[in-house]
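# Breakdown of the fold
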Protein chains: 4
Amino acid sequence: MLVVMDQKATTEQVEAVSAAIEARGFKARPIPGGERVAIGVLHNDGPVDSSLFLGLPGVRDVIPVTKPYKLVSREFQPEDTTLQVGDVAIGNGHMTLIAGPCAIESKTQALTIARHIQKAGAHLFRGGAFKPRTSPYSFQGLGEEGLKILAEVRETTGMPVVTEVMDNEHFDLVEEYADVIQIGTRNMQNYSLLRRAGQAGKPVLLKRGMSATVDEWLMAAEYIIEGGNSQVILCERGVRTFVRHSRNTLDLSAIPVIRRESHLPVIVDPSHAAGRREQVIPLSRAAVAVGAHGLMVEVHHAPDEALSDGAQSLHPQQFEKLCRQVRSIVNACRPGPVELIDA
Amino acid sequence: MLVVMDQKATTEQVEAVSAAIEARGFKARPIPGGERVAIGVLHNDGPVDSSLFLGLPGVRDVIPVTKPYKLVSREFQPEDTTLQVGDVAIGNGHMTLIAGPCAIESKTQALTIARHIQKAGAHLFRGGAFKPRTSPYSFQGLGEEGLKILAEVRETTGMPVVTEVMDNEHFDLVEEYADVIQIGTRNMQNYSLLRRAGQAGKPVLLKRGMSATVDEWLMAAEYIIEGGNSQVILCERGVRTFVRHSRNTLDLSAIPVIRRESHLPVIVDPSHAAGRREQVIPLSRAAVAVGAHGLMVEVHHAPDEALSDGAQSLHPQQFEKLCRQVRSIVNACRPGPVELIDA
Amino acid sequence: MLVVMDQKATTEQVEAVSAAIEARGFKARPIPGGERVAIGVLHNDGPVDSSLFLGLPGVRDVIPVTKPYKLVSREFQPEDTTLQVGDVAIGNGHMTLIAGPCAIESKTQALTIARHIQKAGAHLFRGGAFKPRTSPYSFQGLGEEGLKILAEVRETTGMPVVTEVMDNEHFDLVEEYADVIQIGTRNMQNYSLLRRAGQAGKPVLLKRGMSATVDEWLMAAEYIIEGGNSQVILCERGVRTFVRHSRNTLDLSAIPVIRRESHLPVIVDPSHAAGRREQVIPLSRAAVAVGAHGLMVEVHHAPDEALSDGAQSLHPQQFEKLCRQVRSIVNACRPGPVELIDA
Amino acid sequence: MLVVMDQKATTEQVEAVSAAIEARGFKARPIPGGERVAIGVLHNDGPVDSSLFLGLPGVRDVIPVTKPYKLVSREFQPEDTTLQVGDVAIGNGHMTLIAGPCAIESKTQALTIARHIQKAGAHLFRGGAFKPRTSPYSFQGLGEEGLKILAEVRETTGMPVVTEVMDNEHFDLVEEYADVIQIGTRNMQNYSLLRRAGQAGKPVLLKRGMSATVDEWLMAAEYIIEGGNSQVILCERGVRTFVRHSRNTLDLSAIPVIRRESHLPVIVDPSHAAGRREQVIPLSRAAVAVGAHGLMVEVHHAPDEALSDGAQSLHPQQFEKLCRQVRSIVNACRPGPVELIDA
């Protein structure tokens, strides 16, 4: 951390700030410059809260230098993490395709879609049993019945299943049924939920918050790993910007940044970013080309009758096409996605 | 809702979309225009999910017309809501000042600050016992001990207390001690927490999410009221934008919009918006002038030693000054803040 | 356009708004709904200014239905535009690679880089002679001398050259030397410059403004085409958001939207979006995969000594690698980029 | 400037970066920390381009420490600038009200509005003769005829007039007629226009760009002052964010920041920020309370018939009310707006 002093800061102020730094247990190192003095804050074990010094007399600015995360960082673990979910490997050069409906609506619906996506090449089945909805009047999911249907899909198809948990009350229940536990974008900074996920024995798919920086996202993953569960998959799903032609703005530059900063697998959800079916295939191709470890895509056999998110759900034949195109790109990018981060 | 068709949409497509609208239980009314056809969706009881029709063949766009909220709206209840917290009235022409430290650190700290802010003119005391922190390594609050200190502050000073609840596990506990239960910005769309808040018997102070639209914010309040608790106070605290000179961008235009759309009281937290002490007093003046029903401000008797958010905490004498300036502006804006929304 | 009335709007207000609509020369068609009345505005030849009706008594909202652009739209011209610059074709299934330094620094520098990029597979050479710089104290480009060097590069290598024009004073000069005239992001809504570009006889590469919507960007192109020059190439270069890990957020979802809405070629500049070299290759792959018609990339033979934008400039061997990877992806996406927009 | 090295950067890399810093004429001062080395860049006369060092091997980040502006800064000139326009003083404790229509439509219109606003208390008259419009098909202003009408307004009422210049071709003409020359938001980084404004003999009102940081805005002012014209008035008019309830998000926190960083007067345009009449009066009150030196407001005697921006234009009686409320707040904030920046 660097504390930058006002141009007209007095020697006494510089000394007082240095004393305040040392009173917090750090080492202060004043760096006289041409125009002003800056003070380095050294020997900090991890990040320092910038608000500790920002308000002191004579201080103009406080600039963090060290990243706030540890366990998620590539400096902590240089090699890529590989997660194993049933027979499916995630991360570290593997390309994982997750697909399924926004919400589980019925056993028939789930099984129909599951068979379609499996045939097309998906590795995991996704479907919501508990749905976070902006409106209290919207369909909220089938709850435990939905989880039971997911279990049937797994038994019937052999595909592991991904589903969202919304709160700690239902965490045990979701953990019992799911193979991968999803934490949604609105809960990325629900720290109680993150702490509970840290005690889970199953992989956690952590979606990026709608306006989260990469640092905040990695810090959310840090909560889970620090709690004891190192099986975290990150999922970019678009951020909120002024743009209106897609529901959110897919931030694909986050993928090389995450791959450089962290050893965790990172996948992309183009469906929620787009909000419109016709952007999903192009964005899927882009996500794979930029270096993501996988995709999570909404597919519905009859999207016009879906109870939620129909507009962004692919028809099964569109998902087949997506899988073909993605495979071509993965092949084109050989000798392997690992090489993708070399720029 | 209005479904806009492609310029080259066929008659069959228009008819198919109309049929799909009616199959969902609405009434379809095609409106031929000069260049293209639009189809009105009528007799909808509440908002319609735009994704139901967005993906149909020939559809170019779907445009919502009706607002999604009901119980919070001024169309539902034309007159302002007034809440009563102990002797303090909130909303509807009253100006309520809430102040206190970011986090309760000790009994001495809390009581010292409480006496300062009460003398300056604050009506409620705020202080965090459970703190949502970006880093798992940061100070997380004193927990129940903090709640007990809050109870002592109330007993000693007579001021009602505001404190945050982070999850349903601790809701009963927080509800037992707090006079106003705060839901933080990161939990604005934690629907499980909102549902529990809907069963609470105490007022809920609902902070705006960091990238929430006014509609989403009002929908979060709708969850609470729909659950049975109509005592909701809205709190603007800045949104995330590209701007970096303040921690968040205080969106003061939201205040007249909320006051026009909703009957609920709406206050402003300038401290978290600014992130820096020197902006807090100017932004407080602006918030009062724009028509907010109150302020929530961070104050610390020794901000340079605070365990969190010291940089944005006012010194007690600064808070006194803030109260004086705010009172001047309130007086200047007589015959009353109610008139403030008349433009 | 749809004028939505307040729930409590009176019949007189509906009639007055209808009269105001007809007074402007349109046809008003009231559409009674369950809760409120909306009024369709028909027979408008092109877009209607929403502010005409937004302030009228009883009006709650005004919703544009028709897109504001015409000449750039695919409804106006269904087939893709192909531009010819020397031997190079741009748009409509062709993949065009433009590369070169941020600024022309010297004849040696320009020729060295030009030979590198040509060997690697670039089709056009780019380089700034007039540089828009945030600071008046920064290097502003070589001016006409830079243009002369560009002409030498063209003569020596045979590659057409792209360079930026900043104002109408220098437009004739730039037009004389350049094969493609670039209009930069800060000038996207410099309407005087757009009008002059409309009279140019050479293709114009129009960068997206830093916070421009797709509609505004297409309207800027509309200015040029309406002025008489239909040779416009659009260039996505990132938009400004809260994100800080890249200089701007590359909005790749704009590419399928542009390709659906417009017949114009659209390329991507990953260098200015990223601001950091290590993101440029991954983002280039993504841009090609999402369906862009080309790339414009900054390359410098000695980026650590560049007079501007060194951090985002690729080394020549990195550009070679980029070209190889891009070719693989283009091949993988056959039978051709045109098919890319089918989702 | 601080160059932060990777944790695993080698001694050779640190030395190479230090050598590169010194090769650019600066002094390098390595600062060994607990986890990594940072290198201070000293003796820089003004800001250093961060891209010079960002791409060097072993460099993780480059952090600017010094602000890039000079002439506009309060460190350069501690006391507030006061501008004199006819009898009107702007800045430094004065409250200046500028009002008038978006566009000059006719002599009758201009004079009618001018008389209204003068009676209400406005000091300057504003009105556009050259209008930047998103669409080439919209009304573009009366041009020179509009300027002549402005001159008549000045002669008749004695009020100085403000009008926008869009390009250098018309700069002489606008300068001949205007008392204050406005540079619009879309031209804030039109450097050719800024350079020409630096040679003007009249005050320049510089609107903030739609997505400009405060630093970029001040750098635009720096261009004008560096060119020789120190008469600059800054004007905040809202920035582009995800928010949709107002046309732009008025960033009032910029006002105390500007007043702390710069000696220049800074005013607020609430009309373009709001885009809707009913927000203009509340935002005007807030702007004055936060410490702005003035307001620029759109007023039209018959806004429902205005050729542009009718929805955001106040009726004359609304502007009277605005003036009354603003005066009350100014009085309430005595002993003077200068005190407003003391927090």
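Predicted model, so just to flag it, every value in this text is computed and none were measured. (Residues numbered from 1 in each chain as written. Chains lettered and ligands numbered in written order. Predicted model: local features only at pLDDT ≥ 70, side-chain atom pairs only at ≥ 80, totals over all residues.)

## Digging into the relation of the copies chain C and chain A
Defined as follows: We superpose the copies by least squares over the C-alpha atoms of residues that have a pLDDT of at least 70 in both of them. Here the contact rule is simple: place C-beta atoms from the backbone, and any two residues whose C-beta atoms are within 7 Å are in contact.
In screw terms, the move from chain C to chain A is a rotation of 180° and a rise of 0.0 Å along the axis, fitting with an RMSD of 0.0 Å. Seen this way, the second copy is the image of the first under a two-fold rotation axis. Considering only C-alpha atoms, the residue of chain C closest to the rotation axis is Ala286 of chain C, which sits at 2.0 Å. Comparing interface residues between copies, 100% of those in chain C also sit at the interface in chain A, which points to an isologous, same-surface contact.

## Remarks on the relation of the copies chain B and chain C
Its rotation angle being 180°, the transformation that places chain B on chain C also includes 0.0 Å of axial translation and leaves an RMSD of 0.0 Å. An overlap of 100% is found between the interface residues of chain B and their copies at the interface of chain C, pointing to a shared contact surface.

## Some thoughts on helix H1 (residues 11-23) of chain D
Every α-helix winds through 3.6 residues per turn, so residues three or four apart in the chain are directed the same way. Residues and elements named next belong to chain D. To keep it simple, the criterion reads: We count a stretch as a helix when DSSP gives it H or I for four or more residues in a row; a strand needs E for two or more, and each element gets its number in order from the N terminus. Expected span of a helix, by definition, is 1.5 Å for each gap between consecutive residues, and there is one gap fewer than residues. Here exposure depends only on C-beta density: within 10 Å of a residue's C-beta, 20 or more other C-beta atoms make it buried, 12 or fewer make it exposed, and intermediate numbers make it partly exposed, the C-beta atoms being placed from the backbone. Our arc is simply the arc of the directions from the helix axis toward the C-beta atoms.
With 13 residues, H1 extends 18 Å from end C-alpha to end C-alpha; this agrees with the ideal 18 Å at 1.5 Å per step. All of the buried residues along H1 are Val14, Val17 and Ile21. Considered in projection along H1, the buried side chains sweep an arc of 65° and stay on one side of the axis. More than 90 degrees from the buried face of H1, the exposed residues found are Thr11, Glu12, Ala19, Glu22 and Ala23. Those residues of H1 that are buried are in contact with strand E1 (2-5), strand E2 (27-32), strand E3 (37-42), helix H2 (51-54) and strand E4 (59-63). Positioned one or two residues after H1, Gly25 has a phi angle of 100°, which is positive.

## Looking at the interface of chain B and chain C
Heads up, the condition is: Residues were grouped as follows: Ala, Val, Leu, Ile, Met, Phe, Trp, Tyr, Cys and Pro as nonpolar; Asp, Glu, Lys and Arg as charged; and all remaining residues, including Gly, as polar.
Taken residue by residue, the interface counts 20 residues in chain B and 20 residues in chain C. For the side of chain B that touches chain C, the elements supplying multiple residues, two or more each, are strand E1 (2-5), strand E2 (27-32) and strand E3 (37-42) of chain B. Looking at the side of chain B that touches chain C element by element, the count peaks at three residues for E3 of chain B. Taken together, the residues of the side of chain B that touches chain C break down into eight nonpolar, eight polar and four charged.

## Structural notes on the sheet that holds strand E2 (residues 27-32) of chain A
Residues and elements named next belong to chain A. Put simply, the rule is: When DSSP finds two or more bridges between two strands, those strands count as paired. Between N-to-C directions, angles cover 0 to 180 degrees, with each direction set by a line fitted to C-alpha atoms, over the stretch in contact for helices.
An order of E2-E3-E1-E4 is seen for the four strands of this open sheet, with the pairing classed as antiparallel. One side of each edge strand has no neighbouring strand; the edge strands of this open sheet are E2 and strand E4 (59-63). Sheet twist, expressed as the average angle between the axes of neighbouring strands with direction ignored, equals 20°.

## A word on the confidence of the model for chain A
We count it as follows: Known as pLDDT, the predictor's per-residue confidence is scaled from 0 to 100.
When pLDDT is averaged along chain A, the result is 91; 95% of the residues meet or exceed 70. Model confidence for the complex: the whole-complex pTM is 0.92, and ipTM, which rates the interface, is 0.90.

## Quick word on the interface of chain C and chain A
Tallying the contact residues gives 43 residues for chain C and 43 residues for chain A. Contributing elements (two or more residues each) for the side of chain C that touches chain A: helix H8 (254-261), helix H9 (270-274), helix H10 (277-290) and helix H11 (316-332) of chain C. In terms of residue count, H10 of chain C provides more of the side of chain C that touches chain A than any other element does, eleven residues in total. Of the residues assigned to the side of chain C that touches chain A, the class counts are 24 nonpolar, 13 polar and six charged.

## Considering the domain arrangement of chain A
The line we're drawing: Note: domain ranges come from an automatic or database domain assignment.
Entries for chain A in the domain assignment read domain 1 (2-63) and domain 2 (83-341). The gap between the C-alpha centroids of domain 1 of chain A and domain 2 of chain A is 44 Å.

## Considering the packing of helix H11 (residues 316-332) of chain A against H11 of chain C
Rules: Any angle that is under 35 degrees is reported as roughly parallel, and any over 145 degrees as roughly antiparallel; angles of 65 to 115 degrees are reported as roughly perpendicular and all others as oblique. Should the near helix be turned anticlockwise from the far one by less than a right angle, the crossing is termed left-handed; should it be turned clockwise, right-handed.
Interaxial distance between H11 of chain A and H11 of chain C falls to 9 Å at its minimum, and their mutual angle equals 150°. One way to sum up the angle between H11 of chain A and H11 of chain C is to call them roughly antiparallel. Here the hand of the crossing between H11 of chain A and H11 of chain C comes out right-handed. Residues Ser328, Ile329, Asn331 and Ala332 of chain A of H11 of chain A pack against Ser328, Ile329, Asn331 and Ala332 of chain C of H11 of chain C. In terms of residue class, the contact of H11 of chain A with H11 of chain C is built from four nonpolar, four polar and no charged.

## What to know about helix H3 (residues 107-120) of chain D
Residues and elements named next belong to chain D. The first and last C-alpha atoms of H3 sit 20 Å apart over 14 residues, in line with the 20 Å expected at 1.5 Å per residue. Three or more residues of H3 are buried, namely Gln109, Ala110, Ile113, Ala114, His116, Ile117 and Ala120. One side of H3 holds all its buried residues, which, seen down the axis, span an arc of 165°. Taken together, the buried residues of H3 touch strand E7 (96-100), strand E8 (124-126), helix H4 (144-157) and helix H11 (316-332). Downstream of H3 by one or two residues, Gly121 has phi in the positive range, about 125°.

## A look at unusual backbone geometry
All names here are of chain C. Unlike most non-glycine residues, Asn92 shows phi in positive territory, near 55°. Structurally, Asn92 can be placed in the loop between strand E6 (88-90) and strand E7 (96-100). You can call Asn92 partly exposed: it has 16 C-beta atoms within 10 Å.

## Here we look at the sheet that holds strand E4 (residues 59-63) of chain B
Residues and elements named next belong to chain B. Taking strand neighbours across the sheet as the criterion, the four strands line up as E2-E3-E1-E4 in an open arrangement whose pairing is antiparallel. Both edges of this open sheet fall to E2 and E4, since each of them pairs with a single strand only. Across the sheet, the mean angle from the axis of one strand to that of its neighbour is 20°, orientation sign disregarded. The pairing of E1 with E4 spans four bridges and is classified as antiparallel. By the bridge assignment, Val3 is partnered in E4 with Val62.

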